[in-house]
Amino acid sequence: MASSTNALKVETAPQLIGSSGDSLREAFGKALSGLADQYKDVVVLDADIAGGTGVHHFRKSHPDRFFQFGIAEQNMMSVAGGMAATGLTPFVTTFAVFCLRAVEQARLSIAYSNRNVKIVASHPGLDVGPDGGSAQCLEDIAAFRAIPGMTVISPADPFEMQLATEAVIKHSGPVYMRTGRSPAERILPDTHQFEIGKATMLRDGRDVTIVACGVEVARACDAANTLEQDGISARVLNMATVKPIDRAALQTAALETGCFVTCEDHNIYGGLGSAVAEALAQSAPCPIEFIGVQDRFGESGEPDELADYYGLTGPYIAAAAKRAIARRNQQ
Amino acid sequence: MDILATLYGWEISLTKSDTDNDARDRFVLSKGHACPALYATWAALGLISLQSIPTLRKLGSPLQGHPHVVDMPFAETSTGSLGQGFSAAIGMALGARHQGLGSRVYALLGDGELQEGQVWEAAMSASHHGLSNLCAIVDYNKLQSDDRNANIMALEPLAVRWRAFGWNAIEIDGHDFDAIKNALDAARNTDGLPTVIIAHTIKGKGVSYMEDSAPWHGSVKLSNDDISRALQDLSLDNATAQDWIDGIVN
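Here we look at the pattern of salt bridges
Applying the stated criterion to the full structure yields 20 salt bridges over all chains. Among the ionic pairs, K31 of chain B bridges to D139 of chain B, the shortest N-O distance being 2.7 Å. One end of the pair, K31 of chain B, is in the loop between β1 (26-29) and α2 (35-45); the other, D139 of chain B, is in strand β3 (residues 134-140), and 108 residues separate them in sequence. One salt bridge in this structure joins D212 of chain B and R148 of chain B, with 2.7 Å as the shortest N-O distance. A residue pair is termed long-range when its members are at least 10 positions apart, and D212 of chain B in the loop between β5 (195-200) and α8 (224-233) and R148 of chain B in the loop between β3 and α5 (149-152) qualify at 64 residues. According to the relative accessible area criterion, R148 of chain B is partly exposed, its value standing at 32%. A cluster of three or more residues bridged by salt bridges with shared partners is formed by D157, R186 and D190 of chain A.

Shown next, in the form of structure tokens:
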């Protein structure tokens, strides 16, 4: 990604470590395979796309714990609930858009039944690229966030994906976690710690807070670097857990910066931006600008092209930050 | 009701403490809307109190309008959206086999439920995985919410369809206790593939004004006269009926 590559070149960026060349889905698949001997209750369910979701690593390392369900996601989702009832920790893996197809199964057979199932979705957002609008899932965070008891996570880089995978195994209860299709830059340091429900401040700032998740975190860092050159001090929060959202970090940021930009590879309705707005409206109302897909469907193209075309890159985030600051200053 | 009585009376042995036993046999009412029959069966077995029955569908009751496993562990999974309980039962059978628990899993499906595409995804997966510890039972009363199956969405040839999906299919009279027991025996003794028992039933069997009548599909509102007539039809003597009513009311 051009934006995050630029970010890597700036020395003031938050401990940027260079690219692993790994996608989030590959990072997830490798992590799960590596953790499997330690967590023997973990099993994997696949719907004929193990090669795409990263769990081909697990299939190879632990074939006796890998279960194939064919191209039938609704059944797979409910089966996972039943397997969890016998004490296993099932990971249901497919593309985000096909998780959307089985939302009602996730609701009844998993969340309402309070089953310890982990739904891990690759290929979210415009990051899907050439497959086009039908495959670019821009609604999954909204749908899964609306299910009671469902934890929703969208890690930022391959390292955080690795940490989040173990945290998700240890967590008791249903989880929906986004991975990603395209190569993702490593942006977090070896000292990074991931805790479900906790935001991490990648960069402190006093003028505006940029809250991002998933692939947008690297772009938010890019924007912060640009803003710094314009004399604007931007705080960057990596909100890897969209639900439950870190209300304390948001409230502190509201008091200390007074305005926000939210960034997500998702529709602006129902996702991270909505979650931030809901939290702030109840505690510390202040101006928010929403970077995301503006209630449209995607289309074919390379991920970087699409991010630019739909206004998700660093320059758009930086411009939104300036709008947020101007609105705050008018108050 | 006859299927539930046979399953819980002969095939599955459960006590209250079995909710913590992962190796227990499990029953899933995939046609969750029939839960009043399930709750009555549990009450008869002492798994829940008879006194709790009148709280059915009331605020705060564990007897939800459709079975809810968080409130009632013996529900095994929450149901009420057709097709999902069957898939969850497959997950239980697969999980039990994977862990060598030795348990068997039973799922009761409605006939109208078979119109859900998920049922056939599930059927395909159960035979693919060779789940001989799974037994599905279809309550084939030929009626669904609005009308007869045949008028809404035809199901025949039903046994042929199940066999084509890789299942051992047995057709029985669902009100013949010996036939139900024999079919459950046959299912238990079948290796390598799951069994479906297609139980031909009459909705409301034994209650003259309910038999084969669609309007009673989703209604549990009974007048005192309705109750008296039903008890007469079921040949319950007045003293026994009064004992039951007293037990429920008190």
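We are not done yet, so read on.
Regarding the interface of chain B and chain A
In this assembly, 30 residues from chain B lie in contact with 25 residues from chain A. Of the roughly 2,100 Å² buried where chain B meets chain A, counting both sides, 54% is carbon and sulfur surface. Per-residue buried area on chain B facing chain A is highest for Q84, H98 and E121 of chain B; these three make up 26% of the total on that side. Joining chain B to chain A, the criterion identifies 0 salt bridges. One can count 14 residue pairs in polar contact (both at pLDDT 80 or more) joining chain B with chain A. If one sorts the elements of the side of chain B that touches chain A by residue count, helix α3 (residues 84-98) of chain B sits on top with 10 residues.

Focus on the nonpolar core
I119, F144 and L250 of chain A together with F86, L134 and W162 of chain B are the most contacted members of the largest nonpolar core, which totals 82 residues. Counting residues domain by domain, this core receives three or more from each of domain 1 (2-18 + 190-330) and domain 2 (24-178) of chain A. Excluding residues within four positions of it along the chain, L250 of chain A makes contact with V211, L237, M239, I245, F260, V276, A279 and L280 of chain A.

Describing the sheet that holds β3 of chain B
Residue and element names in this part refer to chain B. Ordered by their spatial adjacency, 5 strands build an open sheet running β1-β2-β3-β5-β4, and the pairing between neighbours is parallel. The open sheet is flanked by β1 and β4 (168-173), the only strands paired with a single partner. Averaged over all pairs of adjacent strands, the angle between strand axes in this sheet comes to 20°, irrespective of strand direction. Alignment of β1 against strand β2 (residues 105-110), held across 4 bridges, turns out to be parallel.

Notes on the packing of aromatic side chains
All names here are of chain B. Considering all chains together, one arrives at 11 aromatic pairs over all chains under this definition. A centroid spacing of 5.7 Å and a plane angle of 45° characterise the contact between Y39 and W42, whose relative ring orientation is tilted. A residue pair is termed a helical-turn pair when its members lie 3 or 4 positions apart in one helix, as Y39 and W42 do in helix α2 at 3 residues. For the ring pair F86 and W162, a centre distance of 6.0 Å and an interplane angle of 70° mean the geometry is edge-to-face. Pair noted here: F86 is in helix α3 and W162 is in helix α6 (residues 158-164), with a separation of 76 residues, a long-range link. Given the relative accessible area of 0%, W162 is considered buried. Taken together, the aromatic side chains of F86, W120, W162, F165 and W167 make up a single cluster linked through ring pairs.

Description of the domain arrangement of chain A
Residue and element names in this part refer to chain A. As assigned here, chain A comprises domain 1 (2-18 + 190-330) and domain 2 (24-178). The straight-line distance from the C-alpha centre of domain 1 to that of domain 2 is 25 Å. On the side of domain 2, 34 residues touch domain 1, which itself brings 37 residues to the contact. Buried surface at the junction of domain 1 and domain 2, summed over both partners, amounts to about 2,700 Å²; 60% is from carbon and sulfur atoms. In terms of surface lost to domain 2, no three residues of domain 1 exceed F194, K243 and D265, which account for 24% of the buried area on that side. Between the two partners, domain 1 and domain 2, sit 1 salt bridge. On inspection of domain 1 and its partner domain 2, the count reaches 19 residue pairs in polar contact (both at pLDDT 80 or more). Mapped by element, the contributors of at least two residues to the side of domain 1 that touches domain 2 are β10 (241-243), β11 (260-267), α12 (272-283) and α13 (303-309). When residues of the side of domain 1 that touches domain 2 are assigned to their parent elements, the largest contribution, 4 residues, is made by α12.

Cut-offs used in this document
- Residues numbered from 1 in each chain as written.
- Chains lettered and ligands numbered in written order.
- Predicted model: local features only at pLDDT ≥ 70, side-chain atom pairs only at ≥ 80, totals over all residues.
- Heavy atoms only, no water.
- Salt bridge = Lys/Arg side-chain N within 4 Å of Asp/Glu carboxyl O.
- Helix = DSSP H or I, 4+ residues; strand = E, 2+ residues; numbered from the N terminus.
- Buried < 20%, exposed > 50% of the residue type's maximum accessible area, 1.4 Å probe, protein only.
- Contact = heavy atoms within 4.5 Å.
- Buried area = accessible area lost by both parts, 1.4 Å probe.
- Polar contact = N/O pair within 3.5 Å; in protein donor to acceptor, adjacent residues only side chain to side chain.
- Core = buried A, V, L, I, M, F, W, Y, C linked by side-chain atoms within 4.5 Å.
- Domains from an automatic or database assignment.
- Pairing = 2+ DSSP bridges.
- Axes fitted to C-alpha atoms, helices over the stretch in contact; angles between N-to-C directions.
- Phe/Tyr/Trp six-rings, centres within 6.5 Å; stacked < 30°, edge-to-face > 60°.

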